[in-house]
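Fold and geometry: a report
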Amino acid sequence: MSPVFSVDDHRHMARALKLAERGLYTTDPNPRVGCVIVREGHAVGEGAHLRAGEPHAEIHALNAAGEKARGATAYVTLEPCSHYGRTGPCALALCEAGVARVVMAMVDPNPQVSGRGIRMLKEAGVEVAVGLLEADARALNPGFIARMRDGRPFVRLKMAMSLDGRTAMGSGESQWITGPEARTQVQRLRARSSAILSGVESLIMDDSRLTLRAEQLNLDNADEIVIRQPLRVILDSRLRLPLAAACLSEPGRTLVLTTEEHSAEKRRKLEAAGAEIQVMPSDAAGRVALRDVLAWLAKNEQVNELLVETGATLAGALLDAELVDELQLFVAPTLLGGEARPLFALPGLTRMADQRRLCVNDMRAVGRDWRIIATPLPTSASVDSKVP
């Protein structure tokens, strides 16, 4: 039987979710979590998890509540942890503080925790209720959930295009299609991501730095956020990345994923220039196998959210393989013409029945541009299907 939640329960959990947002750009690879402790209808302590290795949200809230936590209700956006890592179990801390009731938005997808925190609380006589504002809690941590549940990151594909669906002139010139407000949004997408993925062809053409820049984030704590630069991941099956590529001299790490052992001299030069090189399995066409890339990044680099900034070929390949969880399209009110470069290279679309459907989740103005957030639908979805 589903628990019944009061208006006050909703109000306090909404506050906990708001607190969790404070860690949007800083908790990686940990989830974003908020906690509010309430006694006799009043919040007596609250907290958020802000950085990996530092106290979790529940500990901050308990420290703020002190003795007032005894007999109180704790509202937490994710099941309290039950294992010892860099910090102790939050479920145990709640029990020891004498909390009488714990309301959580969702069960932790981490196999080390899932259900165990709930069991620990119940065995200590704490009342537990689960599922309040769960959809909102899940939306805060899509990457952590995907990594724990599916063994791969949440893949977010960002593209900028003209109104006629073009990304660059035929020569490759592309700066700038969109305005400064859109670029700020892209910086924030980078900031919340564990890693940024691009193809070597895009790097050769644009020489992108793929970094966070405090002056473009337009956030009060921008200087703190840019300390953690997302991992830069370049797919380069033949090690063609130029030694002078701008991304190699930027703060943070640049990981080049290739398909075979190349000459020791070529590899040595790239490594000397600042690249880390990892050999990956190849697909039938001799390119880096995309599914293996995602699994490897999740397992070896703890990548939660992967932001893809690339050209039409890799973008099309990810869509074709149904590996894109979310599209963020920035549309500028300009026309580049028929000779300009297309948004996606999607082979095999010869009939209307082959078209790739999207579900548009959000569309709004960003400065003079528009941002569309969409979810690709499975290829099995009929073109005649009703799209929500």
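Notes on the structure in this doc start here. Keep in mind it's a predicted model, so treat the numbers as computed, not measured. (Residues numbered from 1 in each chain as written. Predicted model: local features only at pLDDT ≥ 70, side-chain atom pairs only at ≥ 80, totals over all residues. Heavy atoms only, no water.)

As a further point, take the side chain of Arg190. You can see Arg190 is positioned in helix H7 (residues 180-192). Those residues within four positions of Arg190 in sequence are excluded, and the remaining contacts are Ile196, Leu210, Thr211, Leu212, Arg213, Pro230, Leu307 and Glu309. (Helix = DSSP H or I, 4+ residues; strand = E, 2+ residues; numbered from the N terminus. Contact = heavy atoms within 4.5 Å.)

This next bit is on helix H13 (residues 312-320). Helical geometry note: an α-helix holds 3.6 residues per turn, so side chains three or four residues apart project in the same direction. Among the residues of H13, those classed as buried are Ala312, Leu314, Ala315, Gly316, Leu318 and Leu319. At the C-terminal side of H13, Glu322 shows a positive phi close to 55°. (Buried < 20%, exposed > 50% of the residue type's maximum accessible area, 1.4 Å probe, protein only.)

Our focus in this paragraph is the sheet that holds strand S11 (residues 275-279). In spatial order, the strands read S11-S10-S9-S8-S12-S6-S13-S16-S15; together these nine strands make up an open sheet with mixed pairing. Pairing within the sheet leaves two strands with one partner each, and these edge strands are S11 and strand S15 (358-366). Across the sheet, the axes of successive neighbouring strands diverge by a mean angle of 25°, strand direction being ignored. Sheet analysis places strand S10 (residues 254-258) next to S11, joined by five bridges and oriented parallel. Following the sheet pairing, Thr258 is matched in S11 by Val279. (Pairing = 2+ DSSP bridges. Axes fitted to C-alpha atoms, helices over the stretch in contact; angles between N-to-C directions.)

Okay, the sheet that holds strand S1 (residues 34-39) next. The five strands lie next to each other as S2-S1-S3-S4-S5, forming an open sheet whose pairing is mixed. For this open sheet the edge positions go to strand S2 (42-48) and strand S5 (127-130), each flanked by a neighbour on one side alone. Each neighbouring strand pair of the sheet contributes to a mean axis angle of 15°, computed without reference to strand direction. By the bridge criterion, four bridges tie S1 to strand S3 (residues 73-76) in an arrangement that is antiparallel.

For the structure shown, the criterion picks out two cavities of 30 Å³ or more. Of the volumes computed, that of the largest cavity is approximately 60 Å³. Every residue along the wall of the largest cavity is listed here: Thr27, Asp28, Asn30, Pro31, Arg32, Asn141, Phe144, Arg192, Ser194, Asn304 and Glu305. Residues that form the lining of the largest cavity fall into these classes: two nonpolar, five polar and four charged. (1 Å grid on protein atoms, 1.4 Å probe; cavity = no way out; pocket = protein on both sides within 12 Å on 5 of 7 lines; lining within 4 Å. Points joined across faces, edges and corners; volume = space filled by probe spheres on them. Nonpolar A, V, L, I, M, F, W, Y, C, P; charged D, E, K, R; others polar.)

Moving on, we come to the pairing of strand S9 (residues 231-235). By the criterion of burial, S9 is predominantly enclosed, with five of the five residues buried. The side-chain alternation of S9 yields two buried faces, one formed by Leu231, Val233 and Leu235 and the other by Arg232 and Ile234. Here strand S8 (residues 195-199) pairs with S9 via five bridges, running parallel. Residue pairing across strands places Ala195 opposite Leu231, the latter belonging to S9. Relative to S10, S9 is paired through four bridges, and the arrangement is parallel. Along S10, the bridge assignment pairs Arg232 with Thr254.

Below, the discussion takes up the pattern of salt bridges. All chains considered together, the criterion is met by 27 salt bridges. Ionic pairing is found between Asp8 and Arg11, a salt bridge with its closest N-O pair at 3.1 Å. With Asp8 and Arg11 both in helix H1 (residues 7-20), this residue pair falls three residues apart, about one helical turn. Asp8 gets classed as partly exposed once you look at its relative accessible area, which sits at 37%. Taking relative accessible area as the criterion, Arg11 reaches 46% and is therefore assigned partly exposed. The salt bridge partner of Arg192 is Glu305, with a shortest N-O separation of 2.8 Å. Of the two residues, Arg192 is situated in helix H7 and Glu305 in strand S12 (residues 305-309); the sequence distance between them amounts to 113 residues. Glu305 carries the same exposure label as Arg192, and that label is buried. Taken together, the shared-partner salt bridges in this structure form one network comprising Arg32, Arg156, Arg192, Glu305 and Glu326. (Salt bridge = Lys/Arg side-chain N within 4 Å of Asp/Glu carboxyl O.)

On the surface, Val360, Met363 and Trp370 cluster together into a nonpolar patch covering about 330 Å² of accessible area. Checked against the element boundaries, Met363 lands in strand S15. Taking relative accessible area as the criterion, Met363 reaches 53% and is therefore assigned exposed. (Patch = residues over 30% accessible without salt bridge, like charges linked within 9 Å, V, L, I, M, F, W, Y side chains within 5 Å. Areas by Shrake-Rupley, 256 points an atom, 1.4 Å probe, with all protein chains shown as cover.)

Another point: H7. In this model H7 runs 19 Å from its N-terminal to its C-terminal C-alpha over 13 residues, within 8% of the 18 Å that 1.5 Å per residue would give. Within the sequence span of H7, burial applies to Ala182, Arg183, Thr184, Val186, Gln187, Arg188, Leu189, Arg190, Ala191 and Arg192. (Expected span 1.5 Å × (residues − 1).)

A separate point is the environment of Thr375. Within the fold, Thr375 resides in strand S16 (residues 369-376). Taking the C-alpha atoms as reference, Thr375 lies 6.5 Å from Val360; in sequence the two are 15 residues apart. With residues up to four places along the chain from it excluded, the contact list for Thr375 reads Asp325, Arg357, Leu358, Cys359 and Asn361. A polar contact of 2.7 Å, which involves the side chain of Thr375, links it to the side chain of Asn361. (Polar contact = N/O pair within 3.5 Å; in protein donor to acceptor, adjacent residues only side chain to side chain.)

As a further point, take the nonpolar core. Generally speaking, a soluble globular protein has its nonpolar side chains buried in company with each other. Counting 41 residues, the largest nonpolar core has Met13, Ile37, Val102 and Leu121 as the members making the most contacts within it. Dropping the residues within four chain positions of it, Met13 is found in contact with Tyr75, Val76, Thr77, Val103, Met104, Ala105, Leu132 and Leu133. Listed in part, the 33 residues of the second largest apolar core include Met161, Leu314, Leu319 and Ile372. (Core = buried A, V, L, I, M, F, W, Y, C linked by side-chain atoms within 4.5 Å.)

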